[in-house]
Every structure is written in C-alpha cells, then in structure tokens.
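# Notes for the structure review
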Amino acid sequence: MKLSFGNKKENLLSRIKKNDPAAQKIFYDQNVKKFLSVARSYISDLYQAEDCVIKAFCKIFKHIESFRGEGNFDGWARRIVVNECLNFIKSHKTVFYLDDVHASVLEEITDEQIVFDFNAQELIDQLPDSYKMVFNLYVLEEYSHQEIAETLNISTAVSKTQLFRAKEKLRKIYFQQQKTLKNEFI
C-alpha cells in the first residue's frame, strides 16, 4: 500500500511528528541523496559520509518536536546533517588551523574563466580538513565568518584565512589538473 501525502509538506511534517514510519520513509527517500551530497562535501570517505547521514536522519526523527516551525524545515534538517558531519570530523580527526595572515592578503580572488569540465567534489576532497570545513560552511551553507568562528571555536580572522587559503589551494589544484589534461591531449 502506498501512502500519498500530496505536495503539502505540512501534512508530511505532521505525520513525521507522529512517528509515522511511512512518512519517515517518504522524507528519507526525498532527501537522502541531497543530504549525502552535503555530507560528501565535508567528508571524503563515502561510507563515513553515509554513516553521518544515517545518524542525522535518526536525530531528525528523534528531535522533530524541537522544530518550532520557524524557518524552513529542509534548512533545519540540513543543518543537522552539517552538524553531524562537523561532529564526526572533530571526533575522528585532529584539525589544525594555521595562524592568521595579514588582512591585506585577504583580497577577493578574481574568478577566471573556466574552460574545461571538472568535478568540484574531487577538487574539494583534496583540501585539508580545516580548509574544507570553512570553505563548505561559507560557500555551501552561507555561514558568516562570525558563525563559522562560533561553530568551530576559532577566530573570525582564522576563518577568513582558511577560506582564502582554501580558494588558493582549489585554484592551484584546478590549474594543475588543467595543465595535466592539456599535456595529455598534445
């Protein structure tokens, strides 16, 4: 028997709040790929990312009553996924944040024209964890540097430094890959 909840998220949400397994499965099926993509942007290993997503779904269903209806439910659930990934990284790896750099160095990097196709996840996976966390929180989750600093227990200057260094590292990795590709076709 297939249950249909229509397009009304409120109806699905109310069913999830009543611990309806069918509603939980629908929510899971609708979001598992998206949440895994979020987790993979923080955690390189697919199996560890999957574990974080499963734990996040468990927390979502267990703490569904704490969602007060303020804001978007999908955003609330996504934040749980992100926090689960950050907790995993903090508990399984030692992350070192490098010293601050001078503010004059933190100029915006001009975007250059992209000529070749590339896999952004493969580029991000090559970043050190400290760069990756700040980059993802700033670029993908749209956290401010203040929010990142509070989340990771670092200063805003360190957050800005890590973002700057992440962008520089991504740029170097990208151009190195492009140079390799170009040489292969010559």
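Residues numbered from 1 in each chain as written. Predicted model: local features only at pLDDT ≥ 70, side-chain atom pairs only at ≥ 80, totals over all residues. Heavy atoms only, no water.

On to the environment of Phe-61, then. One can find Phe-61 in helix H3 (residues 46–62). Considered as a pair, Phe-61 and Ala-77 are 16 residues apart in the sequence and their alpha carbons are 9.6 Å apart. Phe-61 has contacts with Ile-16, Asn-19, Gln-24 and Phe-27, leaving out every residue within four places of it along the chain. (Helix = DSSP H or I, 4+ residues; strand = E, 2+ residues; numbered from the N terminus. Contact = heavy atoms within 4.5 Å.)

A separate point is the packing of helix H4 (residues 73–92) against helix H6 (residues 129–140). Close contact between H4 and H6 brings their axes to 12 Å; oriented N to C, the two are set at 170°. By the angle class used here, H4 and H6 are roughly antiparallel. Contacts from Arg-78, Val-82, Leu-86 and Ile-89 of H4 reach H6 at Met-133, Leu-137 and Leu-140. (Axes fitted to C-alpha atoms, helices over the stretch in contact; angles between N-to-C directions. Parallel < 35°, antiparallel > 145°, perpendicular 65-115°, else oblique.)

Next up on the list: the environment of Leu-12. Position of Leu-12 among the secondary structure elements: in helix H1 (residues 9–17). For Leu-12, a relative accessible area of 8% gives the class buried. Taking the C-alpha atoms as reference, Leu-12 lies 8.4 Å from Ile-26; in sequence the two are 14 residues apart. (Buried < 20%, exposed > 50% of the residue type's maximum accessible area, 1.4 Å probe, protein only.)

Let us look at the environment of Ala-49. Relative to the assigned elements, Ala-49 resides in helix H3. Residue classification places Ala-49 among the buried residues on the basis of a relative accessible area of 0%. Sequence-distant contacts of Ala-49, that is, excluding residues within four places in its chain, are made with Leu-36, Ala-39, Arg-40 and Ile-43.

This next bit is on the packing of aromatic side chains. Counting across every chain of the model gives 11 aromatic pairs. Between Phe-67 and Phe-73 the ring centres are 5.1 Å apart and the planes differ by 70°, which places this aromatic pair in the edge-to-face class. Residue Phe-73 is classed as buried on the basis of its relative accessible area, which comes to 12%. Grouping aromatic residues by their ring pairs yields a cluster made of Phe-27, Tyr-28, Phe-35, Phe-57, Phe-61, Phe-67, Phe-73 and Trp-76. (Phe/Tyr/Trp six-rings, centres within 6.5 Å; stacked < 30°, edge-to-face > 60°.)

Right, let's talk about H3 for a bit. Here H3 spans 24 Å end to end across 17 residues, near enough to the 24 Å set by a 1.5 Å rise per residue. Within the span of H3, buried status applies to Ala-49, Cys-52, Val-53, Ala-56, Phe-57, Ile-60 and Phe-61. Viewed along the axis of H3, the buried residues span an arc of 170°, placing them on a single side of the element. Opposite the buried face of H3, by more than 90 degrees, sit the exposed residues Tyr-47, Cys-58 and Lys-62. Measuring from the side-chain oxygen of the N-cap residue of H3 to the backbone nitrogen of Tyr-47 gives 3.1 Å; that N-cap residue is Asp-45. (Expected span 1.5 Å × (residues − 1). Arc of directions from axis to C-beta. Polar contact = N/O pair within 3.5 Å; in protein donor to acceptor, adjacent residues only side chain to side chain.)

H4 packs onto helix H2 (residues 21–42) with a crossing angle of 40° between their chain directions and a minimal axis gap of 10 Å. Judged on the interaxial angle alone, H4 and H2 are oblique. Relative to H4, H2 is oriented so that their crossing is right-handed. Contacts between H2 and H4 involve Phe-27, Asn-31, Lys-34, Phe-35, Val-38, Ala-39 and Tyr-42 from the first element and Phe-73, Asp-74, Ala-77, Arg-78, Val-81, Val-82, Cys-85, Leu-86 and Ile-89 from the second. Taken together, the residues of the contact of H2 with H4 break down into 12 nonpolar, 1 polar and 3 charged. (Left-handed = near helix turned anticlockwise from the far one by under 90°. Nonpolar A, V, L, I, M, F, W, Y, C, P; charged D, E, K, R; others polar.)

Turning our eyes to something else, we now look at the confidence of the model for the protein. Per-residue pLDDT for the protein has a mean of 80; in total, 78% of the residues score no lower than 70. Within the protein, H3 carries the highest mean pLDDT (94), whereas helix H5 (residues 120–125) carries the lowest (80). Across residues 1–7 the pLDDT falls below 50, and counting only partners more than four positions away or on other chains, this stretch makes 9 contacts in the model. (pLDDT = per-residue confidence, 0-100.)

With respect to the helices, strands and loops of the structure, Ser-159 is situated in helix H8 (residues 156–185). Here Ser-159 falls in the buried class, since its relative accessible area comes to 0%.

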